[in-house]
Each structure stands twice: as C-alpha cells, then as structure tokens.
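Survey of secondary and tertiary structure
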Amino acid sequence: MEIAVQCQNPTTDNSDCVVVGVYEGGILSPAATLVDLASGGALRTLLDTGDFTGACGDTQLLYQVPGVAAARVLVLGLGSHGKVKDSQFRKAALAAARALQGAHVGRASLHLLDIPVIRRSAPACAKILVQAVTDAEYHFDRHKKPADAPQRPISELQLSIPENDTAALAELQGAVAEAHVTARAVAWTRDMANEPGNICTPTWLAEQAEAMAGRLGIKSTILGPDAMEALGMHLLLGVAHGSRQPPRLIILEYRGGAENQAPIVLVGKGLTFDAGGISLKPADKMDEMKYDMCGGASALAAIQAAAELQLPLNIVTVVPASENLPDGQATKPGDIHRSMNGMSVEVVNTDAEGRLILADALTYVERFEPDVVIDMATLTGACIIALGHQTAAVMGNHEGLVHDLIAAGKESMDRVWELPLFEEYQEQLKSPVADLSNVGGRPAGTITAACFLSRFTENYHWAHLDIAGVAWKSGEHKNATGRPVPLLVEYLLRRARQVA
C-alpha cells in the first residue's frame, strides 16, 4: 500500500472514495461541510432521515454525490463533538477501513485530520489513521486456497489536509513515513507469529532474521547448541532438550550511531512452540502456543524499523529461540541446571521456561556494555488475570527507563502499566537445593517471573515487558497483534530525537 499526505479539497479529490467525518447531533466536520455545500445538502439530507446518527464507528457510503469529483463518499461517525478521544478516533478509523474494504476501494482519501482529538496533535492522529487502516487490511491466508472473489486491497491511501494548511505538510509527511515503517514492522511480526510451529522453528526464525539483516545491512550472528554449550547456556539448552529442533541464539547488530555510543539492547523470547515440556499444558488452546515467540518476533521487527528509518542509534537484538516439548530427554520437574552466569536453578515447573531462556540471553548481552536492555516476552498467564488483553505489564530496575516505556506506550496507543518489583517478592523464588527456583507459586506470578529475570540483569539498566495478554487474540479469529512493536519503535524514535 502506498501512503501519502496531500493538501486537497474533498470536493475536487478524484480518489475512488473520500472519507469525511460527522459528529453526533448533526455536526459536520470542516471537510464534511465542504462536501455538504457542494452537493446541495446531501449530508444534511442523510442526517435528516435518522438512518445515520454520527455515532462513533457508524459508516454510510454514498454514490455519485453531486458536486464531488470522487465516485463515492464514505460518511464516518465520530461520536460526541469536542469529546473525541484517541481510542474513539482509532475505532472510527478501523470502521472506515473495513467499509472501504467491503466496497473494494483501491484509492482512498481520508479527510479526517481536521478533527480535534483530545490530547493528540495532527501528526499523532495521522499515525493512528495509518495504523488503523493497515491493521484492518492485514490478513494471513497463505495456507488457504485462493478465494473465489478475493478482496481488493487499498493500493493507495491519501491522508488529506485542507488546501490552506501547507505549513503542516512536511511534519505530517514525516509522521506518516514513521507510521508506515512501523506498520510494516507490525505486519512482519504478525506474519512470523501466525506461522504454525511446523514451519516456524528456531532455525526458520533465525533464517528470517538473517534475510532481513542482509537486506538492510545489519550484522547477524546465529549461535547453535555447540556454541551455547561452550558459553555455559545450560538454561536455554535445558529447555530445548525435549525437542528435535536445535535451539538458536539470534544476534543482530544495527550500528546507526556514533562508534562510542552504548547500544540499546532488545531481548525477545523466541519459544516457537511451547507444549509446557513435562509439565504439559492442557490440550485446549495449546495450538495458540505457536505465539510464544511473539516477543522475539517483535524484537526482530523493531530493529528492522530502526534500520529502515536510519535512526542514529546503535541497537542490538538478541532472541533465544527453542521449542519446549516433552520427550525422554526433556528436563524433568526438580532438575537443576546452571545458568550462563553460574547461578544454579531448580526447574520446579518446566512450563515456566521462558524465563530460563531469557536468563541466559540477558547474561549474554552484558558483553555489549549496553545503555539499556529491554526484554519482551509472552511470559505469564498471571499477567492476563492482572491486566486483561488491553495492557501489557512493565517492570524494571531503572525508574527512568520504565517511565520512558510508559510514555512511549501512551503515545503509540500500545500501553503498558507498571507493576511493583519489591525485594520482598524475591523470597518466593528460594530453593532448598539450588540458588534459585524458576517459579514462586501462584501469588504475584507476573512479578515473581520478573524477579527471576532481575537476578540476571544486575549489571545494567533493564526493563521487562510481559506481553502475554496483548501479543495475540484467541479463539475462532486467532491472530497475532504485532504488539509491542508500536511501543518499541516509538521508544526508539524518542531516543533518536534525543541524540539529534
């Protein structure tokens, strides 16, 4: 999809379809007012019928509107005038995108940047529009037979602003370019995560990373079991014991900053399939455990976006990738493995494996002398109980980093919420036979998982994102969401502006 910004009157816009907004109570947006005047009151007539109220997300497609160059006008409900919030704006944008899809519109023009959104600038609203349309356009059907009547995707998307607002054009174009790169990164994350476990293996994931890195000039290094053994990564190797698929440690290095600039390190959990090991999961929804590598996919996509945007930063992505399956050689509950940093871990529950592979990866990244380290993982079901499917959890050992991630989440609408990481929670991880247990019981499960990781991050500034509730949607329409890529890219953009 080509995405651009233009200064244009909605009445002379010759796209296949122009989209204008209407509020509840019959209040027209500036663009809708121009269409109504040119058409001799076509929108007022629609409102007078009572069939269209302007409720947020309502749509009505009009054909051959007099005085309008476009063949179609999509009237979009925005909700209450003066009370449009970012979540409502996104809801309306998604509704518009779906209506355009249903009408098989190839070239669409959104005249929606004349709408005041609470706490949002026009560039921020432009990003919301791009994200919403690209999300609605996304589909994963490569394993299906070709449809008899495939949907016609939007090939060209214009975000239109008033003709007298040329001063805002450059800023909006920059915002749209950033949003488009982010959207591509989100789509790539979803593509990788939606692949089934018989395709998306640790080796396959490493191959995707290498291909992307080669295309963008990013240095790539892939470590296998022998290298892991030499490094003492027995937690990662222990998780992989029950699988015939060899584990991989994926390391990507993007060098866009000064030579002496300490890198930002992104660590993503890459469990390409998690059956729970000997602590076997229930059969119900086990198919969705292909999504246990969403953190790894997000970390790979974030560095892709940074390279495409040519950010003046040094960024390292590390993804420990393995499967967690039951087998005669699989780690058993009660087994003890020694981590890369020398700490022994009693594996009380083999289904708490993500923290094990992350622990060795978090030790490995010390060699890069990082400025900050951010890990992301579909780590605990307890996070879903605490925060649902709307918000991810964030914890860390550096207050400034945690607050920066919260701010980036608010801006990108990929929100996170801080949970405590008090020292008292560490008591739950004590083991009578090893330095550490890999689980701390049911109470505060998300927090004790982060406490476990914190034992391997004491030598640098670190934050942990538990994305178990937001990385995918379950059920009949199961699908990866691409989160927290928008948050990560926004964080990197903010860091890049600080450098500039």
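Below is a short write-up of the structure.

1. Comments concerning helix 4 (residues 122–137)
Its 16 residues place the ends of helix 4 23 Å apart at the C-alpha level, agreeing with the 22 Å of an ideal helix rising 1.5 Å per residue. The element helix 4 is extensively covered by neighbouring structure, given that 13 of its 16 residues are classed as buried.

2. Brief notes about the packing of aromatic side chains
Two descriptors summarise a pair of aromatic rings, namely the distance from one centre to the other and the angle between the planes of the rings. Inspection of the entire model under this criterion finds 4 aromatic pairs. Between Tyr 364 and Phe 368 the ring centres are 6.1 Å apart and the planes differ by 70°, which places this aromatic pair in the edge-to-face class. Neither Tyr 364 nor Phe 368 differs from the other in exposure class; each is buried. The interplanar angle of 45° and the centroid separation of 5.3 Å between the aromatic rings of Phe 452 and Phe 456 together place this pair among those described as tilted. Residues Phe 452 and Phe 456 agree in their burial class; the two are buried.

3. Re the side chain of Ser 160
With respect to the helices and strands, Ser 160 occurs in strand 6 (residues 156–161). Side chain to side chain, Ser 160 and Gln 6 meet in a polar contact 2.8 Å long. Side-chain polar atoms of Ser 160 contact the side chain of Ser 109, separated by 2.7 Å. Apart from residues no more than four positions distant in its own chain, Ser 160 is found in contact with Gln 6, Asp 13, Ser 109, Leu 110, His 111, Leu 112 and Leu 113.

4. A look at the pattern of salt bridges
All told, the structure shown has 27 salt bridges when counted by the stated rule. Here Arg 107 and Asp 16 are joined by a salt bridge, their closest N and O atoms 3.7 Å apart. Taken together, the positions of Arg 107 in strand 5 (residues 107–111) and Asp 16 in the loop between strand 1 (2–7) and strand 2 (17–22) put the pair 91 residues apart, joining distant regions of the chain. Take Arg 107: its relative accessible area is 28%, and that puts it in the partly exposed class. A residue is classified by how much of its surface remains accessible, and Asp 16, at 18% relative accessible area, is buried. With a shortest N-O distance of 2.5 Å, Asp 414 and Arg 483 are connected by a salt bridge. Taken together, the residues span a long stretch of sequence, with Asp 414 in the loop between helix 12 (399–412) and strand 16 (416–418) and Arg 483 in the loop between strand 20 (479–480) and helix 14 (485–499) at a distance of 69 residues. The same class applies to Asp 414 as to Arg 483, namely buried.

5. Considering the sheet that holds strand 17 (residues 436–437)
An order of 12-13-17 is seen for the 3 strands of this open sheet, with the pairing classed as mixed. Single-partner strands in this sheet number two, and they are strand 12 (335–338) and strand 17. Pairing between strand 12 and strand 13 (residues 344–347): 4 bridges, direction antiparallel. By the bridge assignment, Asp 335 is partnered in strand 13 with Val 347.

6. Considerations on the side chain of Arg 72
As for its placement among the helices and strands, Arg 72 is situated in strand 4 (residues 72–77). Within the buried core, Arg 72 has no salt-bridge partner, and the shortest N-O distance to an opposite charge, that of Asp 16, equals 4.8 Å. There is a polar contact of 3.0 Å between the side chain of Arg 72 and the backbone oxygen of Ala 103. Apart from residues no more than four positions distant in its own chain, Arg 72 is found in contact with Asp 16, Cys 17, Val 18, Leu 61, Leu 62, Tyr 63, Ala 103 and Val 105.

Criteria and thresholds
Residues numbered from 1 in each chain as written. Predicted model: local features only at pLDDT ≥ 70, side-chain atom pairs only at ≥ 80, totals over all residues. Heavy atoms only, no water. Helix = DSSP H or I, 4+ residues; strand = E, 2+ residues; numbered from the N terminus. Expected span 1.5 Å × (residues − 1). Buried < 20%, exposed > 50% of the residue type's maximum accessible area, 1.4 Å probe, protein only. Phe/Tyr/Trp six-rings, centres within 6.5 Å; stacked < 30°, edge-to-face > 60°. Polar contact = N/O pair within 3.5 Å; in protein donor to acceptor, adjacent residues only side chain to side chain. Contact = heavy atoms within 4.5 Å. Salt bridge = Lys/Arg side-chain N within 4 Å of Asp/Glu carboxyl O. Pairing = 2+ DSSP bridges. Lys, Arg positive; Asp, Glu negative; His and termini not counted.

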